[in-house]
Amino acid sequence: MIHQHFKLVDVFTATENIVLGLEGKLNLADASKKVREICEKYGFDIDPNQKIYDMSVSQKQTVEIVKVLYRGADILILDEPTAVLTPQETDKLFQIMRNMKADGKSLIIITHKLHEVLEVSDRVAVLRKGEYIGDVMTKDADQQSLTDMMVGRSVTLNIDRPDPINVTPRVVVDGLTVYDELGVKRLSDVSFTINAGEVLGIAAIEGNGQSELLEAITGMRPAISGKITVRGQDSTGLSPGQIRALGLAHVPEDRLATGVDPLADVSDNLLAGRQRDKEFNALGFHLRRSTIERYVSGIYEKFDIRGAGLHGKVGSMSGGNMQKVVVAREFSHDTPVLVISNPSRGIDIGAIEFIHTAIIDKRNEGCAVLLSSADLDEIFRLSDRIITMYEGEITGEFRADEITKEEIGYYMTGSRRKEAEEAHETTH
């Protein structure tokens, strides 16, 4: 099993991670030699003696795959293997998978990216709500037929996105620099503007500063220098509650850690942030239970939340329904700024269709949307403009219709920078 979230020890080398847990006397030199042989056989590109903390995301994934091949596995299960890879890294992984298939290995790939299923698989099995629906030969399938099997109805992810109107700045980030808890610089002099009536997408490989950027904008992380303005007001240094009061809603990256209270019931989680509103609170201390019940019931049904009921604990729900609780709460606030991180992570394609439509509806109402997602398809489907980030710096800014996913992959790895290219073209 190659898990979506890697199970590696950062301070160990690739070889040390690969042999970790094996019984008997180990010779690291012999183990490194065997690792190199496996890499040469299948086309992997890693240094057996390199520390994990010095590796890219794709190299870490390679270590996980070599780990199971080292143990002689003939059946490999890969869970969302391309979730955090660039298009170039995805192409390389698929070639390695074909090499393993040619060597007699059996591979099961779990993914929600249907175009990748069609590209790399021989046969597709479909599950819906925990039940086996059927399987088809890949050559006889297309994205629409697979989507219909997965959801049980016709679904389209092609969203009509009219040109933005009344484009005015809603959020301005100017020269933002941020450090993490260990004193390591995670953002360096970042500047950009988010306008009303548009979606600005952030395309970056995980760990390149996009999480810290969203945390700084929403008040969850302090800025060392620079300025953030929300709706014309300086929000730098304000608390999350104060920033929310300026008109900002937030769907966080980690729904369990910062998006919900797992010990509270669904109703309380859906109301969170509005419990002091006069509509739901009499005299500042008495909750209007009947009004609250009508409000949260409407949201619960609108967003098709399932699993626990309004008075069940959020912690007992699936990850997908937990995500729906967060999205339902934040989208139901009438706010002019919406900051979203990975809105469709861990949810089914029918729910993705609903959430994507809801994002565009908010955008069409004049909301300024900042979207960070590890899914490039999601970024391109929803964004009007895209900024790319690498190691805490912005490497490019593009209209979504002026660049391809393959081209943007180069900016996500830092191998190209738009400003540098433009300066070079000007001087020559």
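You'll find the structure just up there.
So, a few notes on the structure that sits alongside this text. (Residues numbered from 1 in each chain as written. Predicted model: local features only at pLDDT ≥ 70, side-chain atom pairs only at ≥ 80, totals over all residues. Heavy atoms only, no water.)

**Some points on the pattern of salt bridges**
At step 1: For the coordinates displayed, the defined rule picks out 22 salt bridges.
At step 2: The partner of Asp74 in a salt bridge is Lys105, with the nearest N and O atoms 3.2 Å apart. Of the two residues, Asp74 sits in the loop between α3 (57-70) and β1 (75-79) while Lys105 sits in the loop between α4 (87-102) and β2 (106-110), which places them 31 residues apart along the sequence.
At step 3: According to the relative accessible area criterion, Lys105 is buried, its value standing at 13%.
At step 4: A salt bridge links Lys405 to Asp377, with the shortest nitrogen-to-oxygen separation between them at 2.5 Å. Of this pair, Lys405 sits in helix α15 (residues 405-412) while Asp377 sits in helix α14 (residues 376-382), and the two are 28 residues apart along the sequence.
At step 5: A relative accessible area of 14% means that Asp377 is categorised as buried.
At step 6: Taken together, the shared-partner salt bridges connect Asp180, Arg186 and Glu212 into one network. (Salt bridge = Lys/Arg side-chain N within 4 Å of Asp/Glu carboxyl O. Helix = DSSP H or I, 4+ residues; strand = E, 2+ residues; numbered from the N terminus. Buried < 20%, exposed > 50% of the residue type's maximum accessible area, 1.4 Å probe, protein only.)

**A look at the layout of surface pockets**
At step 1: Space inside the second largest pocket adds up to approximately 1100 Å³.
At step 2: What lines the second largest pocket is a set of 36 residues, and nearest its centre among them are Met55, Val57, Lys60, Glu206 and Gly207.
At step 3: When residues of the lining of the second largest pocket are traced back to their parent elements, those giving at least two are α3, β6 (185-195) and α7 (210-217).
At step 4: Here the lining of the second largest pocket is built from residues that sort into eleven nonpolar, 13 polar and twelve charged. (1 Å grid on protein atoms, 1.4 Å probe; cavity = no way out; pocket = protein on both sides within 12 Å on 5 of 7 lines; lining within 4 Å. Points joined across faces, edges and corners; volume = space filled by probe spheres on them. Nonpolar A, V, L, I, M, F, W, Y, C, P; charged D, E, K, R; others polar.)

**Considerations on the environment of Lys33**
At step 1: Considering the arrangement of structural elements, one finds Lys33 in helix α2 (residues 28-42).
At step 2: For Lys33, a relative accessible area of 54% translates into the label exposed.
At step 3: Lys33 sits 15 residues away from Pro48 along the chain, and the two C-alpha atoms are 8.5 Å apart.

**Digging into the side chain of Ser341**
At step 1: The residue Ser341 is located in strand β13 (residues 337-341) in this model.
At step 2: The class for Ser341 is buried, based on a relative accessible area of 5%.

**As for the environment of Val266**
At step 1: The topology assignment puts Val266 in helix α10 (residues 266-271).
At step 2: Separated by 56 residues in sequence, Val266 and Met322 place their C-alpha atoms 9.0 Å apart.
At step 3: Contact partners of Val266, with chain neighbours within four places excluded, come to Tyr300, Ala308, Gly309, Leu310, Gly312, Val314, Met317 and Val325. (Contact = heavy atoms within 4.5 Å.)

**A word on the nonpolar core**
At step 1: Phe44, Ile65, Met100, Leu270, Phe331 and Ile408 are the most contacted members of the largest nonpolar core, which totals 81 residues.
At step 2: Looking at this core element by element, the count peaks at seven residues for α3.
At step 3: Residues Leu200, Ala204, Ile217 and Leu246 belong to the second largest nonpolar core, which totals 27 residues. (Core = buried A, V, L, I, M, F, W, Y, C linked by side-chain atoms within 4.5 Å.)

**Regarding the packing of helix α12 (residues 319-331) against helix α13 (residues 349-364)**
At step 1: One can describe the packing of α12 onto α13 by two numbers: an axis separation of 12 Å at closest approach and a directional angle of 20°. Looking at the two axes, α12 sits roughly parallel to α13. When the axes of α12 and α13 are compared, the crossing they make is left-handed. Counted together, Lys324, Val327 and Phe331 of α12 and Ala351, Ile355, Ala358, Ile359 and Lys362 of α13 form the full contact between these two elements. (Axes fitted to C-alpha atoms, helices over the stretch in contact; angles between N-to-C directions. Parallel < 35°, antiparallel > 145°, perpendicular 65-115°, else oblique. Left-handed = near helix turned anticlockwise from the far one by under 90°.)

**Let's talk about the packing of aromatic side chains**
At step 1: With the rule as written, the count across this model stands at four aromatic pairs.
At step 2: Both rings, one in Phe303 and one in Phe354, keep their centres 5.1 Å apart while their planes meet at 70°; by these two values the pair is edge-to-face. On the criterion of sequence distance, the pair formed by Phe303 in the loop between α11 (289-302) and α12 and Phe354 in helix α13 is long-range, its members being 51 residues apart.
At step 3: With relative accessibility at 5%, the residue Phe303 sits in the buried group.
At step 4: Among the residues examined, Phe354 registers a relative accessible area of 33% and is labelled partly exposed.
At step 5: Against the face of Tyr70 rests Lys34, its NZ or CZ located 4.3 Å from the ring centre. (Phe/Tyr/Trp six-rings, centres within 6.5 Å; stacked < 30°, edge-to-face > 60°. Lys NZ or Arg CZ within 6 Å of the ring centre and 35° of its normal.)

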